[in-house]
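Each chain, written out:
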Amino acid sequence: MKKRILLVEDDPGTIDVVGKELEFLGYEVTLAKNGIEAVALAASELPDLIVMDILMPSMDGLQAAAQIRKDPKTKDIPILAATARAMPGDREKCLKGGCDDYIAKPFTHTELGAAIEGLLKNRSRRSL
Amino acid sequence: MSRPLKAEEKSAGEKTLEQKILELERANQVKKEFLTIMSRELRTPLNTVMGYTAMIKEKLLGEINAQQEKALAKVLSRANDQLRIIQSVLYASALESGEVKTENHEISLADFLDNLRSSYKGPLDKEFKIHWDYPSDLPVVSTDSLKLRQILEHLIENAVRFTAKGRVTLSARYSPGTKTAEFKVADTSIEIPKEVVQAISEKSRQMDSSETILLLYGGVGLGLYIVKKSAAILGGEVRVESEPGKGSTFIVTIPGEAVPS
């Protein structure tokens with residue numbers, strides 16, 4: 001069965017290209033356009049992994065990650081930060097803020113695929 | 001009859017200290033937000049450019065011929081060059097606005113260099129070996145390892161990028177007398193223009209003149225501005241020795257008292 005990924009992203013161009021990438025990598029994609037939707041969809045869909053943009057209006061990615069980590073139902077879902085915040089220290093901020101891994105925009109399907117696979121592998125090892 | 005003026009009665013030109021502090025804080029906040037927004041605005045479109053180019057090149061969107069594949073490889077490579085410049089420009093702005101703070105912690109210099117060595121991936125298009133030369137008993141010092149790493153990575157990357165043949169050597173020594181760590185990145189083929197050598201080495205040189213920025217940013221100097229500025233916020237300095245036909249050596253000196261183990 002295809003693994004399900006929740007893509008959290010507000011930029012239409014990025015939704016388009018990252019959506020295609022995830023599709024080619026063999027994942028089923030659900031979309032949330034901001035942090036509030038992300039928290040709700042994480043709880044109702046229980047995806048295998050969340051690809052989280054950080055800079056978003058209304059509720060940003062780190063606020064959303066914090067909420068997702070609080071809910072016992074969603075707290076173990078791996079979160080991959082995929083963001084244009086790429087100053088030194090931003091990776092650490094994302095990891096401290098509840099994300100499990102981090103990639104900086106721009107990325108290609110190769111980097112995205114490797115990061116997702118790494119997290120999913122980790123998770124299945126943890127649940128053994 | 002005179003009475004003390006209330007705050008709102010003061011003339012518009014006279015600002016209270018509190019107002020001035022508030023304005024400065026606001027200005028700093030705006031700078032910070034500006035950099036975050038610029039980062040997003042510059043990186044987001046590249047995500048589409050590079051994402052689709054890579055997918056087409058890997059034939060995920062259908063067959064392409066060899067010539068098209070080659071052309072797309074060039075697009076990707078140039079987009080990567082542009083990304084590198086965007087990164088440097090944004091980081092240099094952050095350094096310039098005082099946005100970048102240092103975070104010191106105790107690190108073993110030997111472990112730090114072992115780590116740098118094992119994570120270094122050479123350029124894909126060149127057969128290249130870096131020669132690492134440092135004693136295994138380098139001490140533990142208190143410094144900002146992220147920034148130190150960034151400085152050395154920049155220098156190695158520059159050296160490898162511009163060295164057609166020959167070799168690049170990274171050496172490190174600690175001197176207990178002056179309580180400083182010295183790192184040298186030497187190559188065998190780059191010749192650094194005299195003006196650039198001066199711009200890097202002069203301690204008093206104003207870092208905010210556009211002339212200096214241009215010197216340290218253009219061509220061979222790409223990123224040296226960041227190296228110089230970063231070394232300065234670590235309390236250290238950078239100098240360079242360059243000899244025509246022999247190559248260049250960048251010397252970074254960072255203060256740090258050895259922590260007894």
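The structure we're discussing is the one just above.
What counts and what doesn't
- Residues numbered from 1 in each chain as written.
- Chains lettered and ligands numbered in written order.
- Predicted model: local features only at pLDDT ≥ 70, side-chain atom pairs only at ≥ 80, totals over all residues.
- Heavy atoms only, no water.
- Pairing = 2+ DSSP bridges.
- Helix = DSSP H or I, 4+ residues; strand = E, 2+ residues; numbered from the N terminus.
- Axes fitted to C-alpha atoms, helices over the stretch in contact; angles between N-to-C directions.
- Contact = heavy atoms within 4.5 Å.
- Buried area = accessible area lost by both parts, 1.4 Å probe.
- Salt bridge = Lys/Arg side-chain N within 4 Å of Asp/Glu carboxyl O.
- Polar contact = N/O pair within 3.5 Å; in protein donor to acceptor, adjacent residues only side chain to side chain.
- Nonpolar A, V, L, I, M, F, W, Y, C, P; charged D, E, K, R; others polar.
- Parallel < 35°, antiparallel > 145°, perpendicular 65-115°, else oblique.
- Left-handed = near helix turned anticlockwise from the far one by under 90°.

### With respect to the sheet that holds strand 6 (residues 237-243) of chain B
Residue and element names in this part refer to chain B.
Here comes step 1: An order of 2-4-5-7-6 is seen for the 5 strands of this open sheet, with the pairing classed as mixed. With one partner strand each, in any of the chains shown, strand 2 (130-133) and strand 6 form the two edges of the open sheet. Each adjacent strand pair in this sheet contributes to an overall mean axis angle of 15 degrees, direction not counted.
Here comes step 2: Pairing between strand 6 and strand 7 (residues 247-255): 7 bridges, direction antiparallel. In the strand pairing of strand 7, V238 is matched with V252.
Here comes step 3: The sheet contacts of helix 4 (residues 145-162) involve strand 2, strand 4 (168-175), strand 5 (180-187) and strand 7, and relative to strand 5 the element is tilted by about 15 degrees.

### Here's the deal with the interface of chain B and chain A
Here comes step 1: The interface is formed by 22 residues belonging to chain B together with 21 residues belonging to chain A.
Here comes step 2: Buried surface at the junction of chain B and chain A, summed over both partners, amounts to about 1,900 Å²; 69% is from carbon and sulfur atoms.
Here comes step 3: Here chain B is connected to chain A by 0 salt bridges.
Here comes step 4: Viewed at the interface, chain A and chain B are joined by 4 residue pairs in polar contact (both at pLDDT 80 or more).
Here comes step 5: Among the elements that take part in the side of chain B that touches chain A, helix 1 (residues 17-57) of chain B stands out by supplying 13 residues, more than any other.
Here comes step 6: Each residue belonging to the side of chain B that touches chain A can be placed in one class, and the counts come to 12 nonpolar, 7 polar and 3 charged.

### Brief notes about the side chain of B:S145
Residue and element names in this part refer to chain B.
Here comes step 1: Along the chain, the position of S145 falls in helix 4.
Here comes step 2: Polar contacts involving the side chain of S145 include one to the side chain of H105, which spans 3.1 Å.
Here comes step 3: Dropping the residues within four chain positions of it, S145 is found in contact with H105, I107 and F112.

### Notes on the packing of helix 3 (residues 109-119) of chain B against helix 4 of chain B
Residue and element names in this part refer to chain B.
Here comes step 1: Put simply, helix 3 and helix 4 touch, their axes get as near as 11 Å, and they point 45 degrees apart. Put simply, helix 3 runs oblique to helix 4. For the crossing formed where helix 3 meets helix 4, the hand is right-handed. Where helix 3 approaches helix 4, its residues L109, F112, L113, N115, L116 and S119 are matched on the opposing element by S145, L148, R149, L152, E153 and I156.

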